[in-house]
Amino acid sequence: MMGGRREGPLMRNPSHSSAKSRILMAVAIGISLGCVFAFLYPHGFFSYSAPAFHSRRSQIVSTKCESSERLNELKTEYRIASEKNAELIQQVKELTEKLRLAEQGKDHAQKQVEALGGPFGTVKGLRTNPTVIPDESVNPRLAKILENIAVQREVIVALANWNVKDSLEVWFASIKRVGIPNYLVVALDDKIAEFCESNDVPVYKRDSDKAIDSIGRTGTNHAVSGLKFRILREFLQLGYSVLLSDVDIVYLQNPFNYLYRDSDVESMTDGHNNMTAYGFDDVFDEPPMGWARYAHTMRIWVFNSGFFYIRPTIPSIELLDRVAGHLAREPKSWDQAVFNEELFFPSHPGYEGLHASRRTMDFYLFMNSKVLFKTVRKNARLSKLKPVIIHINYHPNKLERMKAVVEFYVNGNQDALKGFPDGSDW
Ligand SMILES: *[C@@H]1O[C@H](CO)[C@@H](O)[C@H](O)[C@H]1NC(C)=O
């Protein structure tokens, strides 16, 4: 149940898998080259091309005018050939990915068939999508950093600029206190990068020439949120699972001991009890409809886009792309609402929904500040339980409440949470 660290077969043995993928790549290149030559030169490569080149060359010397014409022709042919070459490389890449997916799919399919042979009620659909092949060329510098700090190809990632310096300080102090080694701050300005360095906090400073990063230096909270999804994509492409973290969060235990890792996205919730956190049937009543007055609706409080674990899979990357694209099209929308819409809305006419698997984290372990201040602090039993993290997402006086959480849970000051109102005072 909780705490079991499970990984896919590819993650367990990266060196073995990369050797395997190299062999697959070589086989795929061979096959594809064969196919392409068979297609372009059905009568054999040499018999077809050699005379053509020979006759062309003898013509080139005939007149000056003709030769420049020939030169142009050759240039065109060369261009077409290079285009074909690029296309071919792309096809080989796609083929390799397909082969790998097919191999994994075979494995899954086998398991499914086996499950079908079992007793009634033991059949289970797939949740865990295969991970992508890591591509270091996406960002070699980041790949180096992650090689050093990630544990089992997992890492906590937070974006920060100078505006959130005070929260960040409490954030990384709590992470250090718990002894979590695999975390990284993506610094959006120089000052915060220096601040991290001077505090021995692993930091990754984005290249300043990247256009999207001007948002990071000057942006509002919401603009930074859009940037977040673009930056995250690189981590996934490099083959890492990311536990994305806002900085208004206090860590009380190591979250990696409490993940299930069975879904593309595993997220904390804005819900505050079993129903709101995990979903319920909200019955809508329309008395004029008489016999059919009750319409059943599905409801769930949104996933919190400030704390979620995302595995490096195709649906995960598609999610990030969709959210980033959606935010670019509608800059005024709220990134958390967009994140949830993309994750949950089903396909319908004119719309193709995302097929990503999802898991809601335990709302007492990954606790939002409404649960803490409305319920837990007033309940003798619940207030004795130690959460994994507490996210001050529901309150504006973040720093104060973060410090109070540390006082209460770390220093054992039983009164530390008492002075605060349930909500904000406006
Ligand atoms: C909420 O769900 C948990 C787990 O299913 C259960 O143990 C608990 O009793 C439920 N709480 C309430 C108030 O229903």
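In the annotation of an unreviewed UniProt entry, the chain is listed under the name Glycosyltransferase and assigned to Corchorus capsularis. The UniProt entry for the chain carries the following comment under Subcellular location (unreviewed entry): "Golgi apparatus membrane".

What follows deals with the sheet that holds strand β2 (residues 183-187). Read from one edge of the open sheet, 7 strands run β3-β2-β1-β4-β9-β6-β10, paired in mixed fashion. Each having just a single partner strand, β3 (203-205) and β10 (358-360) make up the two edges of the open sheet. Direction aside, the axes of adjacent strands within the sheet are offset by 30° on average. Of the pairings in the sheet, the one linking strand β4 (residues 241-245) to strand β9 (residues 303-310) comprises 4 bridges and is antiparallel in character. Bridging across to β9, Leu243 finds its partner in Tyr309. Strands β1 (154-160), β2 and β3 of the sheet are contacted by helix α7 (residues 190-198), whose axis makes an angle of about 155° with β3. Contacts between helix α12 (residues 335-344) and the sheet are confined to β6 (265-269), β9 and β10, with β9 contributing the most and set at about 55° to the helix.

This paragraph deals with the sheet that holds strand β5 (residues 249-251). An order of β5-β12-β11 is seen for the 3 strands of this open sheet, with the pairing classed as mixed. Strands at the two margins of the open sheet, each flanked by one partner only, are β5 and β11 (366-368). Each adjacent strand pair in this sheet contributes to an overall mean axis angle of 15°, direction not counted. Along the sheet face, helix α14 (residues 398-409) touches β5 and β12 (389-391) and points at about 20° away from the line of β5.

The next point concerns the packing of helix α6 (residues 165-178) against α7. Where α6 meets α7, the closest approach of the two axes is 12 Å, and the angle between their N-to-C directions is 25°. Judged on the interaxial angle alone, α7 and α6 are roughly parallel. Our pair here, α6 against α7, has a crossing hand that is right-handed. Packed against α6, whose contacting residues are Lys165, Leu168, Glu169 and Phe172, the element α7 presents Ile192, Phe195 and Cys196 at the interface.

Moving on to the pattern of salt bridges. Tallied over the entire structure, the rule returns 16 salt bridges. One salt bridge connects Glu73 with Arg70, and the closest N-O pair in it is separated by 2.3 Å. In this pair, Glu73 and Arg70 both sit in helix α4 (residues 64-116), 3 residues apart, roughly one turn of the helix. A relative accessible area of 19% places Arg70 in the buried class. Between Glu83 and Arg79 there is a salt bridge, with its nearest N and O atoms 3.2 Å apart. Placement of the pair is Glu83 and Arg79 together in helix α4, with a separation of 4 residues, close to one helical turn. The class for Glu83 is partly exposed, based on a relative accessible area of 44%.

Definitions and cut-offs
- Residues numbered from 1 in each chain as written.
- Predicted model: local features only at pLDDT ≥ 70, side-chain atom pairs only at ≥ 80, totals over all residues.
- Heavy atoms only, no water.
- UniProt positions renumbered as here; feature names shortened; annotations may be inferred.
- Pairing = 2+ DSSP bridges.
- Helix = DSSP H or I, 4+ residues; strand = E, 2+ residues; numbered from the N terminus.
- Axes fitted to C-alpha atoms, helices over the stretch in contact; angles between N-to-C directions.
- Contact = heavy atoms within 4.5 Å.
- Parallel < 35°, antiparallel > 145°, perpendicular 65-115°, else oblique.
- Left-handed = near helix turned anticlockwise from the far one by under 90°.
- Salt bridge = Lys/Arg side-chain N within 4 Å of Asp/Glu carboxyl O.
- Buried < 20%, exposed > 50% of the residue type's maximum accessible area, 1.4 Å probe, protein only.

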